[in-house]
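Summary of structural features
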Amino acid sequence: MNFPGSASIFHYRPACVLRVSGTDAWSFLQGQFTNDLRNLSPGRAVYGLWLDHKGRVMGDSHVVRSADGADYWVVSLSSPASAVARRLEDHVVADDVVIEDATAAWLGVSMMGQGVGAWCGQASRPGLLFPGRRCATENWEWIFGESESGDVNAAIAGAREASGDEIERARIGSAIPRVPQDIGPADLPGEGGLEEAAISYSKGCYLGQEVMARLKSRGRVRRALVRVAGAGGPPAVPAALWRGDRREGELRSVAPDPRGRGYCGLALVPVAAAAGGSFSLASGIPPSLDVVPSA
């Protein structure tokens, strides 16, 4: 089966690739990760978060079980390995767990388009393969060692290569937060709409679980990550958002329109403004960006 002709690819270096091994690896990760690893079979992946005791987002990742079922890989496209490793190592007490940072030796390619999942599964391939979070449509991540890059490039030869701006527009258009840029150590998962994708409310205890349970019962957070559209060139982010002389949010991500007609972005704003509204990039100047209503 040839690589799908309508699909595109994007080469990158993952921000974090940690190998977690030892007899207590599963129980340790299960007690730290926000999502449930009980049904994680060999070769499969689960997406989730690493929180602090106040429920703030310290990092995100996929946890991938090795094909032989012995070890686990913690892979993040954007959360730094140093932060994730420190978050894990700080909570190793008497566990038989070994955490190894292998990030420098690994590469990645995102594959986006109809049929890439079936293509990934029709042959044995080196490295780690799992459904991605680049956009709302079908997309997969292929993480592999540098020594395997020749075989990977041969397998996807001729595929259209997407630009970084194109990848960002797809992510922003799908309202998928990047951690920690869009949702980070000062923010709660619910502010980024991450509950469904990243939080299990039935798995039992993990760091930050009590805060998540309280927020779920309360049913509301004070801020929300929303899509915005702005005029002019994309500003440097993060950028404060204003209404008159009152600061009321922060622009976290931006990507230019390919036709030169402004930019799209993700911004963290008060819940009351999430349904619609306009903001300025400085105090007292006319508004230049608008909240994009949810579909």
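Keep in mind that this is a model prediction, so the values were computed, not measured. (Residues numbered from 1 in each chain as written. Predicted model: local features only at pLDDT ≥ 70, side-chain atom pairs only at ≥ 80, totals over all residues. Heavy atoms only, no water.)

1. Details of the overall build of the protein chain
Of the regular secondary structure elements, the protein chain holds 7 helices and 16 strands. Its C-alpha atoms give the protein chain a radius of gyration of 20 Å, within 12% of the compact-globule value 19 Å for 295 residues. With the principal axes as the frame, the protein chain shows a C-alpha extent of 60 × 50 × 30 Å. Sequence separation of at least 24 residues holds for 66% of the intrachain contacts in the protein chain that already meet a minimum separation of 6. Summed over all atoms, the accessible surface of the protein chain reaches about 13600 Å², with 50% contributed by carbon and sulfur. (Helix = DSSP H or I, 4+ residues; strand = E, 2+ residues; numbered from the N terminus. Rg over C-alpha atoms; globule rule 2.2 N^0.38 Å. Contact = heavy atoms within 4.5 Å. Areas by Shrake-Rupley, 256 points an atom, 1.4 Å probe, with all protein chains shown as cover.)

2. As for the sheet that holds strand β9 (residues 139–145)
Spatially, β8-β9-β7-β1-β10 is the arrangement adopted by the 5 strands of the open sheet, whose pairing is mixed. Looking at strand neighbours, the two that pair on one side only are β8 (128–131) and β10 (160–161), the edges of this open sheet. Two elements, strand β1 (residues 8–12) and strand β7 (residues 106–112), share 5 bridges in a ladder whose sense is antiparallel. Each residue of the ladder has a partner; that of Ile9, found in β7, is Met111. (Pairing = 2+ DSSP bridges.)

3. A word on the pairing of strand β14 (residues 263–270)
When you tally the buried positions in β14, you get 6 out of 8 residues, the bulk of the element. By the bridge criterion, 8 bridges tie strand β11 (residues 223–230) to β14 in an arrangement that is antiparallel. The partner of Val226 across the bridge, within β14, is Ala267. By the bridge criterion, 6 bridges tie strand β13 (residues 246–256) to β14 in an arrangement that is antiparallel. Bridge pairing in β14 links Val254 to Gly265. Linkage of β13 to β14, two consecutive antiparallel strands, is achieved through a turn of 6 residues, within which Gly260 is found at a positive phi near 75 degrees. (Buried < 20%, exposed > 50% of the residue type's maximum accessible area, 1.4 Å probe, protein only.)

4. Considerations on the state of the cysteines
Two cysteines, two sulfur atoms, one covalent bond between them: this is a disulfide. A full pass over the atoms with the stated rule returns 0 disulfides. Unpaired in terms of disulfides, Cys264 finds its nearest cysteine sulfur in Cys135, a separation of 13 Å. (Disulfide = S-S within 2.5 Å.)

5. Focus on the packing of aromatic side chains
Given two aromatic rings, their pairing is described by the distance between the two centres and the angle made by the two planes. Counting across every chain of the model gives 6 aromatic pairs. Consider the rings of Phe3 and Trp119, whose centres lie 4.9 Å apart with planes at 85 degrees: the pair is edge-to-face. Residue Phe3 is found in the segment before β1, and its partner Trp119 is found in helix α3 (residues 116–121); the two are separated by 116 residues along the sequence. For the ring pair Phe10 and Tyr12, a centre distance of 6.4 Å and an interplane angle of 15 degrees mean the geometry is stacked. For Phe10, a relative accessible area of 18% puts it in the buried group. Within the aromatic cluster, the residues linked to one another by ring pairs are Phe3, Trp119, Trp142 and Phe144. Positioned above the aromatic ring of Tyr12, the side-chain terminus of Arg134 is 4.7 Å from the ring centre. Against the face of Phe279 rests Arg243, its NZ or CZ located 4.6 Å from the ring centre. (Phe/Tyr/Trp six-rings, centres within 6.5 Å; stacked < 30°, edge-to-face > 60°. Lys NZ or Arg CZ within 6 Å of the ring centre and 35° of its normal.)

6. Here we look at the side chain of Arg125
In this fold, Arg125 is placed in the loop between α3 and β8. Buried charge without a salt bridge: Arg125, with Asp151 as the nearest opposite-charge side chain at an N-O distance of 9.9 Å. Here Trp119 takes part through its backbone oxygen, which lies 3.1 Å from a polar atom of the side chain of Arg125. (Lys, Arg positive; Asp, Glu negative; His and termini not counted. Salt bridge = Lys/Arg side-chain N within 4 Å of Asp/Glu carboxyl O. Polar contact = N/O pair within 3.5 Å; in protein donor to acceptor, adjacent residues only side chain to side chain.)

7. A short note on the side chain of Lys203
Considering the arrangement of structural elements, one finds Lys203 in the loop between α6 (195–198) and α7 (209–218). There is no salt bridge for the buried Lys203, and the closest opposite charge comes from Asp36, which lies 5.7 Å off by N-O distance. From its side chain, Lys203 meets the backbone oxygen of Gln30 in a polar contact 2.6 Å long. Discounting residues that sit within four places of it in the chain, Lys203 has contacts with Gln30, Phe33, Thr34, Asn35, Asp36 and Arg38.

8. Description of the sheet that holds strand β6 (residues 98–101)
Here we have 5 strands laid out as an open sheet, ordered β3-β4-β5-β2-β6, and antiparallel in their pairing. The open sheet is flanked by β3 (45–51) and β6, the only strands paired with a single partner. Along the sheet, successive strands turn relative to each other by an average axial angle of 30 degrees, direction set aside. Note that strand β2 (residues 16–21) and β6 share 4 bridges and pair antiparallel. Within β6, the position partnered with Ser21 by the bridge is Val98. Of the strands in this sheet, β2, β3, β4 (57–65), β5 (72–76) and β6 are in contact with helix α2 (residues 81–89), which crosses β2 at around 25 degrees. (Axes fitted to C-alpha atoms, helices over the stretch in contact; angles between N-to-C directions.)

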